Amino acid sequence: MTNKIHFTKMHGTGNDYIYVDTTLNNINDPTKAAILWSDRHKGIGSDGLVLIGLSTIPEADFSMRIFNADGSEAMMCGNASRCIGKYVYDRGLTGKTEFKLLTLAGIKTIQLHVSDGEVESVTVDMGEPRLDYEKQYHPTSTLPEGTFVSMGNPHYVIFTDEVDRVEEIGSKLERHVAFPERCNIELARIDSDRIIRTRVWERGSGITMACGTGACATAVASSLLGRCGRNVSIIMDGGTLDIEWNETDNHVYMTGPAEFVFDGDINSNF
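Rules used throughout
Residues numbered from 1 in each chain as written. Predicted model: local features only at pLDDT ≥ 70, side-chain atom pairs only at ≥ 80, totals over all residues. Heavy atoms only, no water. Helix = DSSP H or I, 4+ residues; strand = E, 2+ residues; numbered from the N terminus. Buried < 20%, exposed > 50% of the residue type's maximum accessible area, 1.4 Å probe, protein only. Lys, Arg positive; Asp, Glu negative; His and termini not counted. Salt bridge = Lys/Arg side-chain N within 4 Å of Asp/Glu carboxyl O. Contact = heavy atoms within 4.5 Å. 1 Å grid on protein atoms, 1.4 Å probe; cavity = no way out; pocket = protein on both sides within 12 Å on 5 of 7 lines; lining within 4 Å. Points joined across faces, edges and corners; volume = space filled by probe spheres on them. Nonpolar A, V, L, I, M, F, W, Y, C, P; charged D, E, K, R; others polar. Core = buried A, V, L, I, M, F, W, Y, C linked by side-chain atoms within 4.5 Å. Arc of directions from axis to C-beta. Pairing = 2+ DSSP bridges. Phe/Tyr/Trp six-rings, centres within 6.5 Å; stacked < 30°, edge-to-face > 60°.

Some words on the side chain of Arg203
- Position of Arg203 relative to the elements: it lies in the loop between strand 12 (195–202) and strand 13 (206–208).
- Buried charge Arg203 goes without a salt bridge, the closest partner of opposite sign being Glu181 at 4.6 Å.
- Once residues lying within four places of it in the same chain are set aside, the contact partners of Arg203 are Asn68, Asn153, Pro154, Glu174, Glu181, Arg182, Cys183 and Asn184.

Some details on the environment of Leu36
- Secondary-structure assignment places Leu36 in helix 1 (residues 30–38).
- With relative accessibility at 42%, the residue Leu36 sits in the partly exposed group.
- With sequence-adjacent residues up to four places away left out, Leu36 is seen in contact with Gly43 and Phe270.

Regarding empty space enclosed by the protein
- On inspection of all chains with the given rule, the structure shows one cavity of 30 Å³ or more.
- Estimated volume of the largest cavity: approximately 70 Å³.
- Taken together, Tyr17, Ile66, Asn68, Ala74, Met76, Cys77, Asn153, Asn184, Glu202, Arg203, Cys211 and Thr213 form the lining of the largest cavity.
- Class assignment of the residues belonging to the lining of the largest cavity gives a composition of six nonpolar, four polar and two charged.

Thoughts on the nonpolar core
- Membership of the largest hydrophobic core comes to 50 residues, with the highest contact counts inside it found for Tyr19 and Ile243.
- Other than its neighbours up to four places away in sequence, Tyr19 contacts Phe7, Thr8, Met10, Val50, Ile52, Asn79, Ala80, Cys83 and Ile84.
- Formed by 15 residues, the second largest nonpolar core is a distinct cluster that contains Phe148, Tyr156, Val163 and Leu187.

Looking at the pattern of salt bridges
- Enumeration according to the criterion identifies 16 salt bridges in this entry.
- Here Arg65 makes a salt bridge to Glu73, at a shortest N to O gap of 2.8 Å.
- Among the residues examined, Arg65 registers a relative accessible area of 39% and is labelled partly exposed.
- Residue class for Glu73 comes out partly exposed when judged on its relative accessible area of 32%.
- Where Arg165 meets Glu162, a salt bridge forms, and the shortest distance between an N and an O atom there is 3.3 Å.
- Residue classification places Arg165 among the partly exposed residues on the basis of a relative accessible area of 31%.

So, helix 1
- When helix 1 is considered as a whole, its buried residues turn out to be Pro30, Ala33, Ala34, Trp37 and Ser38. Looking straight down helix 1, one finds its buried side chains confined to an arc of 105°; they lie on one side.
- Where helix 1 is buried, its residues meet strand 1 (3–12), strand 2 (15–21), strand 3 (48–54), strand 4 (62–68) and strand 17 (259–268).

Looking at unusual backbone geometry
- Positive phi, normally seen in glycine, also occurs at Asp116, with a value near 55°.
- Checked against the element boundaries, Asp116 lands in the loop between strand 7 (106–115) and strand 8 (118–125).
- Judged by relative accessible area, which is 79%, Asp116 ranks as exposed.
- Despite not being glycine, Asn250 has its phi angle at roughly 65°, a positive value.

Focus on the pairing of strand 2
- Within strand 2, seven of the seven residues are buried, which leaves it mostly tucked inside the rest of the structure.
- Residue alternation in strand 2 divides its side chains into two sets, Asn15, Tyr17, Tyr19 and Asp21 and Asp16, Ile18 and Val20, and both sets are buried.
- As defined by bridge partners, strand 1 adjoins strand 2 across five bridges and the pair is classed as antiparallel. Bridged to Met10 within strand 2 is Tyr17.
- The turn joining strand 1 and strand 2, which pair antiparallel and follow one another in sequence, is formed by two residues; a positive phi near 50° is taken by Thr13.

Some words on the layout of surface pockets
- In this structure, the largest pocket spans a volume of roughly 220 Å³.
- Lining the largest pocket are 15 residues, with Arg130, Gln136, Ser150, Pro154 and Glu181 sitting closest to its centre.
- Within this model, the second largest pocket holds a volume of roughly 190 Å³.
- Those elements giving two or more residues to the lining of the second largest pocket turn out to be strand 3, strand 4 and strand 6 (98–103).
- The class makeup of the residues in the lining of the second largest pocket is seven nonpolar, seven polar and one charged.

Details of the packing of aromatic side chains
- Throughout the structure, instances matching the rule amount to eight aromatic pairs.
- Ring geometry for Phe62 versus Phe99: centroids 5.5 Å apart, planes at 80°, classification edge-to-face. One end of the pair, Phe62, is in strand 4; the other, Phe99, is in strand 6, with 37 residues separating them in the sequence. Note on accessibility: Phe62 and Phe99 belong to one class, buried.
- Relative to Phe179, the ring of Tyr156 has its centre 5.5 Å away and its plane inclined at 55°; by these criteria the two rings are tilted. Of this pair, Tyr156 sits in strand 10 (residues 154–159) while Phe179 sits in the loop between helix 3 (166–173) and strand 11 (184–190), placing them 23 residues apart in sequence. Like Phe179, Tyr156 is buried.
- Of the aromatic side chains, those joined through ring pairs into one cluster are Tyr137, Phe148, Tyr156 and Phe179.

Structure (structure tokens):
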């Protein structure tokens, strides 16, 4: 039996996903859907699939599940969180300009910046970075020098002037033996004490135009190394994200845009 699934294509600084409201459409096999629909030649085309739902616990308002283009499920996505903020407000699912989003990486606070009844930008409280390296990866002498930071998902940030080698380096390191859960790889160049140029190889998706958690990890790594302060702009292929690593609560705050691309329907037989 074939079902027609309504979807919305959105992007945050070029990081594009297919969004499905699961209160209206049931996706029985999100892994298969993510693989088929993300194909840029035979499907809708995206970096993955995001399922928007109501929260299953009273502490949050909405929930998010995210599946990469290869079907693997991710713990968290900053760009997708911002897009969900715009989706639920602009589509009338909430009148709140601040709400809680349940993710596999915990509950995230979403703050909406609204103008003329529409969301212009979104700030996400990404929580505290995890720096307990020994619990999350196994450093070896075969790794290039870098900094490991977890923002709910693992990132390895390499500071270099050769950021355009991201595919060559990222494809090799994503599945390196040092990373038992695979890893997102950032190549970052510091242009000033407030501006960092970053390119990203996302586990499960390859090169993407932007990565919210990757931008946060880059900002944290640069501050840890004394290369930048705690407020920086991360310039990625698809645009710029503003990151603050707050000294008071140790949380990382990410601010950036979210955009609708188009709506559509796709037939599904699974």
